[in-house]
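# A look at the structure
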Amino acid sequence: MTLLESPDHLHTLRESLKTKRDEYSKYIIVSSGTCGRAHGSEEVFAAFTGELEKNNDAKNMKLKKTGCLGFCEKEPLVIIFPERICYCNVTPSDVPEIVKEASSGGIIDRLLYHDSLTEKKVIHQNEIPFYKYQHQIVSGNNVSIDPEEIDDYITLDGYSALEKAILHMTPEQVIREIKKSNLRGRGGGGFPAGIKWETCRNAGETPKYIIVNCDEGDPGAYMDRGVMEGNPHSVLEGLMIAGYAIGSEKGFFYIREEYPLALKHTARAIEKAKEYGLLGENILGSGFSFSVEIHRGAGAFVSGESSALMSAIEGEVGEPRSKYVHTALKGIWNKPSCLNNVETLATVPHIINNGADWFCQIGTENSKGTKIFSLVGKVNNTGLVEVPMGTTLRDIIFKIGGGIPYEKRFKAVQTGGPSGGVIPETHLDVPIDFDELNKLGSMMGSGGMIVMDEETCMVDVAYYFIDFLCTESCGKCVPCREGLKRLKEILGCIIAGKGKEEDIRTIEGLGRAMQDASLCALGRTAANPVLSTISYFHNEYLEHIRNKNCPALVCKPLLSYYIDPKKCKACMVCLKKCPVNAIEGGKNQVHKINQEKCNQCGTCFTVCPEKFRAVRKISGRDRLRQMEQEEKTRAGERHVQ
Amino acid sequence: MKTTDITRVEHILNTYRGKRGILIQLLLDIQHEMGWISPYAIDLVHKRMKIPLSRIYRIASFYKAMSLVPMGKYLVRVCLGTACHVRGGGKIMEKLEDLLGLEGEGTTGDGKFTLERVNCLGCCALGPVMVINDVYYSNVEPQKIEGILKEYE
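Residues numbered from 1 in each chain as written. Chains lettered and ligands numbered in written order. Predicted model: local features only at pLDDT ≥ 70, side-chain atom pairs only at ≥ 80, totals over all residues. Heavy atoms only, no water.

### Notes on the overall build of chain A
For clarity, the threshold we go by: Numbering of helices and strands starts at the N terminus; helices are DSSP runs of H or I of at least 4 residues and strands are runs of E of at least 2. Each radius of gyration is computed over the set of C-alpha atoms, and the globule rule expresses the reference value as 2.2 Å times the number of residues to the power 0.38. A simple rule labels every residue: compare its accessible area, found with a 1.4 Å probe on the protein chains alone, to the largest value its type can have, and call it buried under 20%, exposed over 50%, or partly exposed in between. Only the protein chains shown count as cover for residues, with accessible areas throughout obtained via the Shrake-Rupley method and a probe of 1.4 Å. By the counting scheme adopted, Arg and Lys are positive, Glu and Asp are negative, and His together with the chain ends is not counted. Positions of charges follow a simple convention, taking NZ of Lys, CZ of Arg, CG of Asp or CD of Glu.
A count of helical and extended segments in chain A gives 26 helices and 19 strands. Whereas a compact globule of 641 residues would reach a radius of gyration of roughly 26 Å, chain A reaches 28 Å, a difference of no more than 12%. C-alpha atoms of chain A, sized along the principal axes, occupy 100 × 65 × 40 Å. Each of the 641 residues in chain A was classed as buried or not, and the buried ones make up 58%. Accessible area of chain A: about 25500 Å², with a carbon and sulfur share of 49%. Considering chain A, the positive charge centre built from 79 side chains and the negative charge centre built from 83 side chains are found 6 Å apart.

What follows is the structure, given as structure tokens:
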């Protein structure tokens, strides 16, 4: 590899790479992020390697492995360039046919995306509704980049923003541009990145540190993984520009251990950038020097909080500290430190290249640009979606996400992870940005968007988040540590059918105390999932408390299973599968569940053949009625005896 | 501790000598290399790196990725992130507890399996997700788990 000592070297390299790229007339892209790999993309890639070697018609084809393309539901995806023909759920056995058709210009119908709305097959990737309604800026290049190849990134004008910043702009100009773009932190808070940089730049002490936060601990969110895995150089470039702006020569990647592929790709990106001299001393002859280190997070949600994360980088326990002096002034080893999220930094090169005015055209008045959401849960097209700020939830869930599977009813969408809240159907048409979500009692968070259907119980969801936070609270301050424990107890009682009406008021009081008195943002926002479910689904709480009824049929202690004697065909399936032998009956003898033995595991409900559907899941009044009826029958039986 | 094990740990320690803020990274490496962080390894870190025992234990007990007890041959991790939760991750956990004879997280008596719950593996679209060592299982159904575990007998 040649050392790039001046901008000219970089330009020459880029030109030669572009010529080399054009030597091939077709590119076969195999999407190989974590989701793709879980679905067998490695095997598909190996099959392509073999096939291209032995197929003489394939000499003009080049195989490429990319990171996450976002459409996780249909992985492994194979995309043929330049046409962008998109094949879904590809298996190794499909490979010879794909190569054959690609060389003759044919299309394989059965592997195309099937649009269930129009009942039509879609050929091109950009016409699939999942991609069509997106506006991909940060994630857009993932499809053209092998994340382990720095050359791919450079070909697509990678590191041109860095060049522009360090050679043609002063740090103040960079900060001014970012401030003008009103780029707000994508990690959750939505704090303007430019202001953060300015504070850090103006802090007197040196050295200064710049950190990228990829400790993406929000359950149900994986945007940062997508970016780190798919385009690590874009984050590195953003980090270096930020470093230049604040006056730092040392950067850190803080990546959680649970993301092995993101770690691998980042390490590789750093190594390659060093080889080119894009990291190190006197970068591109500008006089700016920069080095980076990777720190692995060791599995603690609270370590994603800025002061906690900085403690972890120091090698200490990742617990938050009081921030009366901001980390921008006193962070790592008490030196000015600036922490930005992955997506925020990956956006920076685009702003530097295209200007703040371009960026400001996208989005809403106070939230500019695009945002990646992880659209998951009970939705047809799960995956990562990047949309302009101001897109409505309805568009994301129904247009891009394709609605709710199995024709179930939409109930709510949870945004902002454990710090956010749920949003019911009535607010689906609100254009989402940082401020609108706050108004609804939720928050943007890092971008998790978990769709829930009628079979999701809101009390159970609240309990889930509180339980999660209970184990993740570091325990340093009382309101968070004790408050969460008590909330968990109270919610536990409600889902067990032991709730009291005054519980709701107690929860609200506790939640407010935690908001006011907790040390860090984790504690201050911890009650949000409960408070927002109470405000939007008050009746569901009351049903649990008053009628011992879980309308969504989720809370186990409030459920019973019954076999409808009219429908039961005595097929013995449930009887054999019941783990606690609670089902009585026999061959040609209608089955019946012994409620005293039953542990509500639901096995009988799952295994009862579709054509009979004899097992019923019931709760609340139905359950009481059924119990009374059973009692009567039993009394009747005794009477006959 | 076997001499070979001591060499393995010392090899890790050598890469961190003279650097700042390394304790978490170093313990993670030991965890990966040895499968757990044994009292002997901790003692070695304490003596060679001159770090107080209390600090090492504080870190090793705080983080989820570090284990102070030996792990099973196969590490079974069940994702209980929100997306997996609404898609029935809890049932997967219950089934595994049942099949492995464990109550919650833990290691089986024969040292074969360690069961762990994780908060989110970031494969939310595939939920519920289960990972055995490095192999990801997507859209897991409780009925299929027994068959999957048999592959690791």
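### Overview of the pattern of salt bridges
Residues and elements named next belong to chain A. For the record, the criterion: Note on definitions: salt bridges are taken to be side-chain nitrogens of Lys or Arg within 4 Å of carboxyl oxygens of Asp or Glu.
Counted under the stated rule, the structure contains 47 salt bridges over all chains. Close ionic contact of Asp22 with Arg21 constitutes a salt bridge, the shortest N to O distance being 3.6 Å. Among the residues examined, Asp22 registers a relative accessible area of 55% and is labelled exposed. In this structure, the salt-bridge partner of Glu436 is Lys439, at a minimum N-O distance of 3.3 Å. One end of the pair is Glu436 and the other is Lys439, both in helix α17 (residues 434–439) and three residues apart, which spans about a single turn. When salt bridges that share partners are traced, they join Arg481, Glu482, Arg486 and Glu489 into one network.

### Comments concerning the sheet that holds strand β13 (residues 410–415) of chain A
Residue and element names in this part refer to chain A. Test applied: Strands pair, by our definition, only if DSSP identifies at least two bridges between them. Helix axes are fitted only over the stretch in contact, all axes being lines through C-alpha atoms; the angle between N-to-C directions runs from 0 to 180 degrees. Contacts are residue-level and defined by heavy atoms, with any inter-residue pair within 4.5 Å sufficient.
Read from one edge to the other, the open sheet built from five strands follows the order β12-β11-β15-β13-β14, with strand pairing classed as mixed. Strands with a single pairing partner mark the edges of an open sheet, and in this sheet they are β12 (383–388) and β14 (421–424). Looking at each pair of strands side by side, their axes are set apart by 30° on average, direction ignored. As judged from the four bridges shared by strand β11 (residues 370–377) and strand β15 (residues 448–453), these two strands associate in the parallel manner. The partner of Leu375 across the bridge, within β15, is Met449. Where helix α10 (residues 223–230) meets the sheet, it contacts β11, β12 and β15, and its direction lies at approximately 115° from that of β11.

### Considering a nonpolar patch on the surface
Condition: Only residues above 30% relative accessible area that lack a salt bridge enter a patch, with like-charged residues linked at up to 9 Å and the nonpolar side chains Val, Leu, Ile, Met, Phe, Trp and Tyr linked at up to 5 Å.
Together, Tyr324(A), Val325(A) and Leu329(A) make up an exposed nonpolar region whose accessible area comes to about 330 Å². By relative accessible area, Val325(A) is classed as partly exposed at 36%.

### What about the sheet that holds strand β5 (residues 135–137) of chain B?
Residue and element names in this part refer to chain B. Across the sheet, which stays open at both edges, the five strands sit in the order β2-β3-β1-β4-β5 with mixed pairing between neighbours. Of all the strands in the sheet, just β2 (106–107) and β5 have a single pairing partner and so form its edges. Direction of pairing for strand β1 (residues 74–79) relative to strand β4 (residues 130–132): antiparallel, over a ladder of three bridges. Residue pairing in the sheet places Arg77 in a bridge with Val131 of β4.

### What about the pairing of strand β16 (residues 559–563) of chain A?
All names here are of chain A. Within β16, five of the five residues are buried, which leaves the element mostly enclosed by the surrounding structure. The alternating pattern of β16 places Leu559, Tyr561 and Ile563 on one face and Ser560 and Tyr562 on the opposite face, and all of these are buried. Looking at chain direction, β16 and strand β19 (residues 615–619) are connected through five bridges and run antiparallel. Its bridge partner being in β19, Tyr561 is matched across the sheet by Lys617.

### A short note on the pairing of strand β3 (residues 113–118) of chain B
Residue and element names in this part refer to chain B. Of all six residues that make up β3, five are buried, and the element is covered over most of its length. Bridging between β1 and β3 involves six bridges; their strand directions are parallel. What sits directly across from Leu75, in β3, is Thr114. Where β2 lies against β3, two bridges are found, and the strand directions are antiparallel. Pairing of Thr107 across the sheet is with Thr114, part of β3. Two successive antiparallel strands, β2 and β3, enclose a turn made up of five residues, where Gly111 displays a positive phi of approximately 70°.

### Notes on the interface of chain B and chain A
Where interface size is quoted, it is often the accessible area lost as the parts come together. As a reminder, the rule being used: Put simply, buried area is the surface a 1.4 Å probe can reach on two separate parts but cannot reach once they are joined, added for both. For this analysis, a polar contact is any N or O atom pair within 3.5 Å, provided that within protein one partner can donate a hydrogen and the other can accept it, and provided that sequence-adjacent residues contribute only side-chain to side-chain pairs.
Tallying the contact residues gives 39 residues for chain B and 54 residues for chain A. Carbon and sulfur atoms supply 55% of the area buried between chain B and chain A, which totals about 3700 Å² over both sides. The largest per-residue losses of area from chain B upon contact with chain A belong to Phe62(B), Thr82(B) and Val86(B), which jointly make up 16% of the total buried on that side. Between the two partners, chain B and chain A, sit five salt bridges. Salt-bridge contacts for Glu319(A) lead to Arg58(B); the nearest nitrogen and oxygen are separated by 3.5 Å. The tally of links from chain B across to chain A stands at 20 residue pairs in polar contact (both at pLDDT 80 or more). Taken together, the elements giving at least two residues each to the side of chain B that touches chain A come down to α2 (23–34), α4 (53–62), α5 (82–86) and α6 (89–100) of chain B. Residue contributions to the side of chain B that touches chain A peak at six residues, all from α2(B).

Any functional reading would require information beyond the geometric quantities listed.
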